Structures are given as structure tokens and as C-alpha cells.
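# Geometric and topological summary
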Amino acid sequence: MTAPATAERAATARARHDPAEVPAGLPRWAYLPAVVGGLFIVLPLVAMGTRVDWSNYGALVTSESARAALVLSLQTATASTLLCLVLGIPMALVLARGRFPGQRLLRSLVLVPLVLPPVVGGVALLSTFGRRGLLGESMEVLGLQIAFSTTAVVLAQSFVALPFLVVSLEGALRTAGGRYDVVAASLGASPTTVLRRVTLPLVWPGLVSGTVLAFARALGEFGATITFAGSLQGVTRTLPLEVYLQRETDPDAAVALSLLLVAVAVVVIAATHRRGAGGVVR
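Residues numbered from 1 in each chain as written. Predicted model: local features only at pLDDT ≥ 70, side-chain atom pairs only at ≥ 80, totals over all residues. Heavy atoms only, no water.

### Quick look at the overall build of the chain
The secondary structure content of the chain amounts to 14 helices and zero strands. Its helices and strands in sequence order give the chain the pattern α-α-α-α-α-α-α-α-α-α-α-α-α-α, from N to C terminus. For the chain, buried positions account for 36% of its 282 residues. At a minimum sequence separation of 6, the contacts of the chain that also span at least 24 residues come to 72%. (Helix = DSSP H or I, 4+ residues; strand = E, 2+ residues; numbered from the N terminus. Buried < 20%, exposed > 50% of the residue type's maximum accessible area, 1.4 Å probe, protein only. Contact = heavy atoms within 4.5 Å.)

So, in C-alpha cells, the structure goes:
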């Protein structure tokens, strides 16, 4: 047996018995900025926890307005995530597997909400679905009013969250490739069957990851919501809006509700990833 082959077998054996001993090309200097980056994210959350009035925490987060805002946030974030799935899966498939003129332009437009200030997104939605908007006037004739309603909250959340699902799923589709789809199609499976039985199971981790990101983004949406939907308790005032309003009148309640929002997001992400994201997060 040659020396390189022996060295390779030894390295593989060490990796099996003690993966921590094999850095796999990770430079030691990477740990320092990684730790700094982790602290940059964690320290503000810890600092916020030190500002909470724990003796009155229950009363602060169970007030009538807080409960209404939390329930509305969970309901609208769930609805917007479902809308993102309905629209985002076909969009990701078309962008990843389709070939047509203007494809790059379409991809760029889909990603615009990622970099667009949320308030600008709210203005755009208001210009489309408002009473004097592009589609709003026609809807008014039919008796449909979108702006400043719960539906407006769902649309605002979907507008900012949809790109997260599309980007995650498109990346997973491109990584998986199409060879298994071709094999399934050659065996007589219809395109829909290939999508359901082959494509989606292969990219399931990416789909779960994108869904979680979309839900978390929808849950924390503020700018587009307050611009397009307003802040009506029980109708459009989600938890982020409640935090903003409480910050002016009751800072303790604002901190407590902020921590509640962080806790809900962490629980949702952790529970979803544990359920079989299968490699999305390790």
C-alpha cells in the first residue's frame, strides 16, 4: 500500500473516532471572528434579558393588547407562510429549472424585497391595493377593501418573506441537480409525480429552511405592515407594532414583549429544524 493511501486511511479512521481532531481545512484564525460574530448576536439578546422586570413579566406579556397582538402575529405569519409556499415553490422551480428570456431579470426582481426598506415595500403595496391604487379602485367597486385590514397584514408579511423561501429552495434545487428527475421521467412518471415523489423529497431540507426563514421574517415584519395595514388593535396591530407603541409609553412592557417575540422565534426555528430538516442546521 502506498504512503498517500495509508495516510488517507489513517485520517479517515481518526475522523470516525474523534471528528474534533480533524479540522477538515478549517484555519485556526477563523475561530476568533466566529466567536466575535456570535457574541455580536448573543450579547444584545442577553442585555435585553437583563433589562426585563422579571417580577412583573407575566403581567406585562399577558395584558389584553399583548395577547391580541401575539395571537394576530401568529395567525398572520402562518397565513403568509402558506401563501409563500403556494407561490414560492413554483417560482423557485421556474427559476432553477426553467430556461426563458428575462430569467435573470426576474430573479433580480424577486430578490428586491430583501434589500428594499420595508417602509418602501408598504408604500408599493399601498400604491397597488390602496383605495386609489392600481388594483384598489377596481376592488372597491367589488366591495373589497384590502388596505388597513388583516388581509393587508398578510400581504405585507408575504411581500417581505417570499424571497427567503424562493432563494433557499432555488439554491437547494440547483445543488440537487436534475438527474434523478430525468430518470423518473424516463420511467414514465408524469411531471407532477416527479415533483411530488422525487424533486421535493430531495430538496426537503432547503424547503424546510426556507419555510422557517419566511415564517420568522413574517413574524418580525414591521415597516411594510404599519405603512400598508396601520395599527388597529386586534385587526392589524401585530406584536412588533405593539412593541413599538409600548416603547413610547411603557418601556418595561416593550422589553418584555421584545423578549417574548425572540423566544417565540427561537422556539419555532429550533422545533422545525429538529423535526427532520435533515442537515439544514447542525
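### Focus: the confidence of the model for the chain
Here the chain averages 86 in pLDDT, while 88% of its residues score no lower than 70. Across residues 276-282, confidence stays below pLDDT 50; counting only partners more than four residues off in sequence or on other chains, it has 10 contacts. (pLDDT = per-residue confidence, 0-100.)

### Notes on the pattern of salt bridges
Oppositely charged side chains are able to pair whenever their charged atoms sit close together. Taken as a whole and assessed by the stated rule, the structure comprises six salt bridges. Linking Glu 170 and Arg 107 is a salt bridge whose minimum nitrogen-to-oxygen distance equals 2.8 Å. With Glu 170 in helix α8 (residues 150-176) and Arg 107 in helix α5 (residues 103-115), this pair connects stretches of sequence that are 63 residues apart. Across this residue pair, the class does not change: Glu 170 and Arg 107 are buried. In this structure, Arg 247 and Glu 248 form a salt bridge, with 2.7 Å as the shortest nitrogen-oxygen distance. Residue Arg 247 is classed as partly exposed on the basis of its relative accessible area, which comes to 48%. Taken together, the salt bridges that share partners define one network made up of Arg 107, Glu 170 and Arg 174. (Salt bridge = Lys/Arg side-chain N within 4 Å of Asp/Glu carboxyl O.)

### A look at the packing of helix α4 (residues 64-97) against α5
Taken N-terminus to C-terminus, the directions of α4 and α5 make an angle of 145°; their axes are 10 Å apart at the nearest point. When you trace α4 past α5, the crossing you get is left-handed. Residues Met 91, Val 94 and Leu 95 of α4 form the contact with α5, whose participating residues are Gln 103, Leu 106, Arg 107 and Val 110. Considering only residue class, the contact of α4 with α5 consists of five nonpolar, one polar and one charged. (Axes fitted to C-alpha atoms, helices over the stretch in contact; angles between N-to-C directions. Left-handed = near helix turned anticlockwise from the far one by under 90°. Nonpolar A, V, L, I, M, F, W, Y, C, P; charged D, E, K, R; others polar.)

### Some words on the nonpolar core
Formed by 40 residues in total, the largest nonpolar core has its most connected members in Tyr 57, Leu 169, Leu 173, Leu 257 and Leu 260. When residues of this core are traced back to their parent elements, those giving at least two are α3 (57-61), α4, α8, α11 (204-219), α13 (239-249) and α14 (251-274). Ignoring any residue separated from it by four or fewer positions in sequence, one finds Leu 173 in contact with Ala 92, Leu 93, Ala 96, Arg 97, Thr 199 and Val 203. (Core = buried A, V, L, I, M, F, W, Y, C linked by side-chain atoms within 4.5 Å.)

### Focus on a nonpolar patch on the surface
Together, Phe 40, Ile 41, Val 42, Leu 45 and Val 46 make up a nonpolar patch on the protein surface, roughly 500 Å² of accessible area in all. Take Ile 41: it is sitting in helix α2 (residues 31-50). (Patch = residues over 30% accessible without salt bridge, like charges linked within 9 Å, V, L, I, M, F, W, Y side chains within 5 Å. Areas by Shrake-Rupley, 256 points an atom, 1.4 Å probe, with all protein chains shown as cover.)

### What about the environment of Phe 100?
Along the polypeptide, Phe 100 turns up in the loop between α4 and α5. With a relative accessible area of 30%, Phe 100 lands in the partly exposed category. Discounting chain neighbours no more than four positions away, the residues touching Phe 100 are Val 94 and Leu 106.

### Here we look at helix α10 (residues 191-202)
The α-helix advances 3.6 residues per turn, and as a result positions three or four apart in sequence lie on the same side. Those residues of α10 not exposed but buried are Val 194, Val 198 and Thr 199. Looking straight down α10, one finds its buried side chains confined to an arc of 85°; they lie on one side. Turned more than 90 degrees off the buried face of α10, the exposed positions are Thr 192, Arg 196 and Arg 197. Considering only its buried residues, α10 is in contact with α4, α8 and α9 (179-186). (Arc of directions from axis to C-beta.)

### Some remarks on the packing of aromatic side chains
If you walk through the whole model with that rule in mind, you get three aromatic pairs. Centroid distance Phe 129 to Phe 228: 6.3 Å. Interplanar angle 45°. Geometry classified as tilted. Highlighted residues: Phe 129 in helix α6 (residues 118-129) and Phe 228 in helix α12 (residues 223-228), separated in sequence by 99 residues. Their ring planes at 50° and their centres at 5.2 Å tell us that Phe 222 and Tyr 244 sit as a pair that is tilted. With Phe 222 in the loop between α11 and α12 and Tyr 244 in helix α13, this pair connects stretches of sequence that are 22 residues apart. The exposure class assigned to Phe 222 is partly exposed, which follows from its relative accessible area of 26%. (Phe/Tyr/Trp six-rings, centres within 6.5 Å; stacked < 30°, edge-to-face > 60°.)

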